[in-house]
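Results of the structural survey
Listed below are the residues making up each chain.
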Amino acid sequence: MSEAKTTEVRLTEHSHGAGCGCKIAPADLEKILASDLGTLPDPRLLVGYQSRDDAAVYDLGDGRALISTTDFFTPIVDDPFDFGRIAATNALSDVYAMGGRPLLAVAILGWPLAKLGAELAALVVEGGRQACHDCGIPLAGGHSIDALEPFFGLAVTGEVKTAHVKRNDGARGGDVLLLTKPLGVGVLSTAQKRGILRPEHAHIARDIMVRPNSIGTQLGEMPGVHALTDVTGFGLLGHLAEMCQGSHVNARLAYADIPLIPEALAYVKEGCYADGALRNWKSLADKVEGAGTMERMMILNDPQTSGGLLISCSKELIPEITALVASNGQHVDNIGILHEHKKGALITVE
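As a starting point, this report considers the structure included with it. Keep in mind that what you see is a predicted model, and the values were worked out from it rather than measured.

One open sheet holds the seven strands; their spatial order is β8-β11-β7-β12-β9-β13-β10, and the pairing between them is mixed. If you trace the sheet from one side to the other, it starts and ends with β8 (225-230) and β10 (288-289), each paired once. Against the sheet, helix α12 (residues 318-327) makes contact with β7 (176-179), β8, β11 (309-313) and β12 (333-340), and its axis sits at roughly 5° relative to β7, the strand it touches most.

Printed below as a string of structure tokens:
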């Protein structure tokens, strides 16, 4: 396929949502997952869906555990190769967020063949293959269907020592909160979908989203890291709320210390923000105090795709984690602190 043919197609025009912004809102998800049946009792299932964690974890009985996860979504960028890279990187992040390392992946592809053709789909899969290659694992197979909207992702299998499993519900009072990527990807993706993203901003969100969270494997080896999750479709506040509820702690965030994409703030001031941010906020409004202005609310609830790791750890670990993140060419910010659970707002933003 010629480059001219590829650039004629804007993938984001062929879906109603974009990236992890397609996720069902937390309040609706609670209704969907409600069941009287429950999970079959199995002491080897270390992490199931009850804690709303990033992946399932199954004890293999020899000091190791198997990690299983799946993640897919509709296009968040127009370039098919970049879409594949981002979707795959996002799926792999769930394994890293459990403190593990991926072993292999299989692809999940839905494609409107009559509209977009097989050649563009091949570029998407190649992008996914590239992301897997960059993380040192094979894209070993997959499944595809002819669908009304394009979507792509991975089912990933990983492993972790049972002693190194990091859940999202192990945070402790006195822990600090660290974040490894800036917020605002959802805003920039929305601007692109609306056709108002300035050309000089086209690379910003992409470059953030293709950056793997592979340091999660090393974070898993640190006893002082008590809880770990990645920030995706529910936004920073949504994923932090899951951490706080599961860990029975309250969070206090310093808004001025939260890393933000400056260009994203400019679009929010112009009235451009993701619809998913509003859905996220409606699910959280009664749990948060101090969200403040519309600008702050839209950024804190902005649905991230392939977002950063949210780390709850002892404050003594800050220098070590900062050095680890820097060695991977990235940056980490100390954004708040946790307290033992008490009455009042689950999350306070100052």
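Following the structure, the description resumes.
The subject of this paragraph is the pattern of salt bridges. Following the criterion strictly, the structure yields 12 salt bridges and no others. Residue R167 is joined to D169 by a salt bridge in which the shortest nitrogen-to-oxygen separation is 2.9 Å. When its relative accessible area of 29% is taken as the criterion, R167 is described as partly exposed. Relative accessible area serves as the criterion here: at 22%, D169 is assigned to the partly exposed category. Between E270 and R198 there is a salt bridge; the shortest N-O distance is 2.9 Å. Residue E270 is found in the loop between α9 (262-269) and α10 (275-284), and its partner R198 is found in the loop between α5 (185-193) and α6 (204-209); the two are separated by 72 residues along the sequence. On the accessibility criterion, E270 (48% relative accessible area) is partly exposed.

Conventions and cut-offs
Residues numbered from 1 in each chain as written. Predicted model: local features only at pLDDT ≥ 70, side-chain atom pairs only at ≥ 80, totals over all residues. Heavy atoms only, no water. Pairing = 2+ DSSP bridges. Helix = DSSP H or I, 4+ residues; strand = E, 2+ residues; numbered from the N terminus. Contact = heavy atoms within 4.5 Å. Axes fitted to C-alpha atoms, helices over the stretch in contact; angles between N-to-C directions. Salt bridge = Lys/Arg side-chain N within 4 Å of Asp/Glu carboxyl O. Buried < 20%, exposed > 50% of the residue type's maximum accessible area, 1.4 Å probe, protein only.

Purely geometric numbers; function is a separate question.
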